[in-house]
Protein chains: 2
Amino acid sequence: MTIVLKPIRPKKISEEIVDQIKQLISKGELKPGDRIPSERDLATMLGVSRPSVREAIMVLEAMGFLDSRQGGGTFVRALTEGSIMDPLAKLVEKKDPELLRALAEVRMGLESWSAYLAAQRANAEDLANLRRLYAIMEKQAAKGGWKPEVDTEFHYAITAASHNSLQMHVLDSIHSLFNATIQVALMEFYQQQGHIQRLLTHHREIMEAIADRQPELARQKMMEHLSMVEEKMAQLLSENSE
Amino acid sequence: MTIVLKPIRPKKISEEIVDQIKQLISKGELKPGDRIPSERDLATMLGVSRPSVREAIMVLEAMGFLDSRQGGGTFVRALTEGSIMDPLAKLVEKKDPELLRALAEVRMGLESWSAYLAAQRANAEDLANLRRLYAIMEKQAAKGGWKPEVDTEFHYAITAASHNSLQMHVLDSIHSLFNATIQVALMEFYQQQGHIQRLLTHHREIMEAIADRQPELARQKMMEHLSMVEEKMAQLLSENSE
DNA sequence: GTTAAAAAATTGGTCATACCATATAGCGAG
DNA sequence: CTCGCTATATGGTATGACCAATTTTTTAAC
């Protein structure tokens, strides 16, 4: 008889307070703009010390629920949803160039691996999807345009063709970060510099390598492609830092 | 002339500390699993009071960067734990063979990429660390043993030598999943089958390729190594399912 | 010498108190 | 009534103490 004993993590007092206040907000008893009782009052109300209350408020402030102003008071902030970001997103929100480079590099490793696997396992449906997306890109390129969404979808389709669910999840996290940071700016940068034809060629080569069942070639082409992306990103970042 | 006036809000001390620690994590100086200095030490180091440090840690904990355990200490969490692992951890704990295969495959992609990067960037310190760990493995192998911890540490050291903090975090999530599932069983399986010498050879070849600055070779050797791991894992799973 | 139990040191969690900095409210001078 | 000053309320920081859980070291037993 295996008794699964619970994660006896005695909850911290401040966490209890966080939960209570969060509940008040979610129940609408505390509306945006309201001023909550002072730290001292809350402490006596809850029968705890002020530091505990303070830690709770600190956490809620970090979450975006509250906003404290010295001398003024603590107010409920209008939560526009989306304030809850992953740890990863919080890190790159500063657009630290070093981190973005690391991000691009991780992406390079993951996607080239996806291409390798895709070349081994892509089925007819996968290939048809890739061809469809490539046709759209080609059409756009003929008009001198480039849609980030289509580009992104193309890369997703490759990972999907790897038929590895976990790979899909991991890459999704990385990719969404990329989108959230400089994806769009990067695409515009391409258009200005007239690199669209090169991009199109890259994608075609990758697709053909996958269709021809040449894993090593697909990997290599994806690597070349993303190397250029990283290079352009570095240019973009150095320009902006001037 | 538009003068965008700014924030005005003088930054709180705790926020300052939050930024500093976040930066340490993003730059990779604090890696997943590391224990950060105690609250008291940090307070004296930074020249502030303990409550300020505590508030900062509280916020970072809420953000998912840190994890504090009473009496134990405060540790750096892998940034991808929440966003990638949680949904999948439940699936993997059932030891679904399909998912374990996917896991091993993702690991293969990530680690071979780590080896490639490490061969380009490993410094003297990184190499010394690898050699030290290899020596331990060699000694163990001479006695017919194989310690999973040392093996794991060796692979971590390679990723550390890639000098990409994000790569470190992503791989940590994957690796911890691996450890939680079949890592130990796998090691025992090796010993039973007398594959220790082959394992040792693999690790030596990888290490030498990195030391010789041969990225492609390092990648290839890591791939061979992990291919064998995946193969053995498949054997183990099929045996157990009988 | 190895292992297990016990004690000590370390570390996070909580509390109490005091004082500083800032914003708001209220009062008073003009 | 308006402007400016003062008093007060409130968040921000610092110090110190003690508790609870964990880790490490020491000690004792085998």
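The rules behind these values
- Residues numbered from 1 in each chain as written.
- Chains lettered and ligands numbered in written order.
- Predicted model: local features only at pLDDT ≥ 70, side-chain atom pairs only at ≥ 80, totals over all residues.
- Heavy atoms only, no water.
- 1 Å grid on protein atoms, 1.4 Å probe; cavity = no way out; pocket = protein on both sides within 12 Å on 5 of 7 lines; lining within 4 Å.
- Points joined across faces, edges and corners; volume = space filled by probe spheres on them.
- Helix = DSSP H or I, 4+ residues; strand = E, 2+ residues; numbered from the N terminus.
- Nonpolar A, V, L, I, M, F, W, Y, C, P; charged D, E, K, R; others polar.
- Near = heavy atom within 4 Å.
- Polar contact = N/O pair within 3.5 Å; in protein donor to acceptor, adjacent residues only side chain to side chain.
- Phe/Tyr/Trp six-rings, centres within 6.5 Å; stacked < 30°, edge-to-face > 60°.
- Buried < 20%, exposed > 50% of the residue type's maximum accessible area, 1.4 Å probe, protein only.
- Lys NZ or Arg CZ within 6 Å of the ring centre and 35° of its normal.
- Pairing = 2+ DSSP bridges.
- Contact = heavy atoms within 4.5 Å.
- Buried area = accessible area lost by both parts, 1.4 Å probe.
- Salt bridge = Lys/Arg side-chain N within 4 Å of Asp/Glu carboxyl O.
- Expected span 1.5 Å × (residues − 1).
- Domains from an automatic or database assignment.

Colleague: Teacher, can you tell me more about the layout of surface pockets here?
Modeller: Over the atoms, a rolled probe matching the size of one water molecule traces out where space is still vacant. By volume, the second largest pocket amounts to about 1,100 Å³. As for the second largest pocket, its lining consists of 33 residues, of which A:K12, A:E15, B:M58, B:E61 and B:S68 are closest to the centre. Only α1 (13–26) and α3 (50–63) of chain A together with β1 (35–36), α2 (39–46), α3 (50–63), β2 (66–69) and β3 (73–76) of chain B provide two or more residues apiece to the lining of the second largest pocket. Grouping the amino acids of the lining of the second largest pocket by side-chain chemistry returns 10 nonpolar, eight polar and 15 charged.

Colleague: I tried to follow the protein's contact with DNA strand D on my own but got confused; where do I start?
Modeller: In the vicinity of DNA strand D, 22 residues are found, and the nearest of them are A:E39, A:R54, A:Q70, B:I13 and B:P51. Considering the 4 Å shell around the protein, atoms of DNA strand D inside it are sugar or phosphate in 62% of instances. Contact between DNA strand D and A:E39: a phosphate oxygen at 2.9 Å from a main-chain N or O atom of the residue. Taking A:G71, its main chain carries an N or O atom lying 3.3 Å from a base oxygen of DNA strand D. Elements represented by at least two residues in the surface near DNA strand D include exactly α2 (39–46), α3, β2 (66–69) and β3 (73–76) of chain A together with α3 of chain B.

Colleague: It is not clear to me how the packing of aromatic side chains should be interpreted in this structure. Could you clarify?
Modeller: All names here are of chain A. Here the structure, examined in full by the defined rule, presents two aromatic pairs over all chains. Taking the centre distance of 5.3 Å and the plane angle of 10° together, the rings of W113 and Y116 count as stacked. Placement of both W113 and Y116 in helix α5 (residues 97–121) is noted, with a separation of three residues, approximately one turn of the helix. On the basis of relative accessibility, which here comes to 6%, the residue W113 falls in the buried class. The ring of F178 carries the charged tip of R107 above its face, separated from the ring centre by 4.7 Å.

Colleague: Just checking my understanding: could you explain unusual backbone geometry for this structure?
Modeller: Peptide bonds are, in most cases, trans, and in most cases residues other than glycine have a negative phi. Residues and elements named next belong to chain A. Unusually for a residue other than glycine, H163 sits at a positive phi of about 50°. Within the secondary structure layout, H163 lies in the loop between α7 (148–161) and α8 (165–181). Positive phi, close to 60°, is recorded for R213, a residue that is not glycine. With respect to the helices and strands, the residue R213 is situated in the loop between α10 (196–211) and α11 (215–240).

Colleague: Quick question: what am I supposed to make of the sheet that holds β3(B) here?
Modeller: In a beta sheet, neighbouring strands are held together by backbone hydrogen bonds and run either parallel or antiparallel to one another. Read across the open sheet, the three strands follow the order β1-β3-β2 (chain B); overall the sheet is antiparallel. Unpaired on one side and paired on the other, β1 and β2 of chain B mark the two borders of the sheet.

Colleague: Would you mind showing me how to read the interface of chain B and chain A here?
Modeller: Size of an interface: often given as the accessible area lost when the parts come together. At the junction of the two partners, chain B supplies 46 residues and chain A supplies 46 residues. For the pair chain B and chain A, the summed buried surface comes to about 4,100 Å²; carbon and sulfur atoms form 63% of the total. Across the chain B-chain A interface, the total number found is six salt bridges. A:E216 is the partner of B:R219 in a salt bridge, and the nearest nitrogen-oxygen pair spans 3.8 Å.

Colleague: Quick question: what am I supposed to make of α3(B) here?
Modeller: Every α-helix winds through 3.6 residues per turn, so residues three or four apart in the chain are directed the same way. Residues and elements named next belong to chain B. With 14 residues, α3 extends 20 Å between its outermost C-alpha atoms, agreeing within 8% with the 20 Å of an ideal straight helix rising 1.5 Å per residue. Where burial is concerned, most of α3 is hidden: 10 out of the 14 residues are buried. Taken as a whole, α3 has its buried residues at S52, V53, E55, A56, I57, M58, V59, L60, E61 and M63.

Colleague: Teacher, can you tell me more about the domain arrangement of chain A here?
Modeller: Here the domain parsing of chain A yields domain 1 (13–76) and domain 2 (81–241). Here domain 1 of chain A and domain 2 of chain A have C-alpha centroids that lie 43 Å from each other.

Colleague: Explain the protein's contact with DNA strand C to me, please; I cannot follow it from the model alone.
Modeller: Neighbouring residues of DNA strand C: 22 residues in total, closest A:I13, A:S52, B:E39, B:R54 and B:Q70. Take B:E39: an N or O atom from its main chain is 2.8 Å from a phosphate oxygen of DNA strand C. At 2.8 Å from a base nitrogen of DNA strand C is found a side-chain nitrogen or oxygen belonging to B:Q70. With three residues, the top contributor of residues to the surface near DNA strand C is α3(A). When grouped by side-chain class, the residues that make up the surface near DNA strand C number three nonpolar, 11 polar and eight charged.

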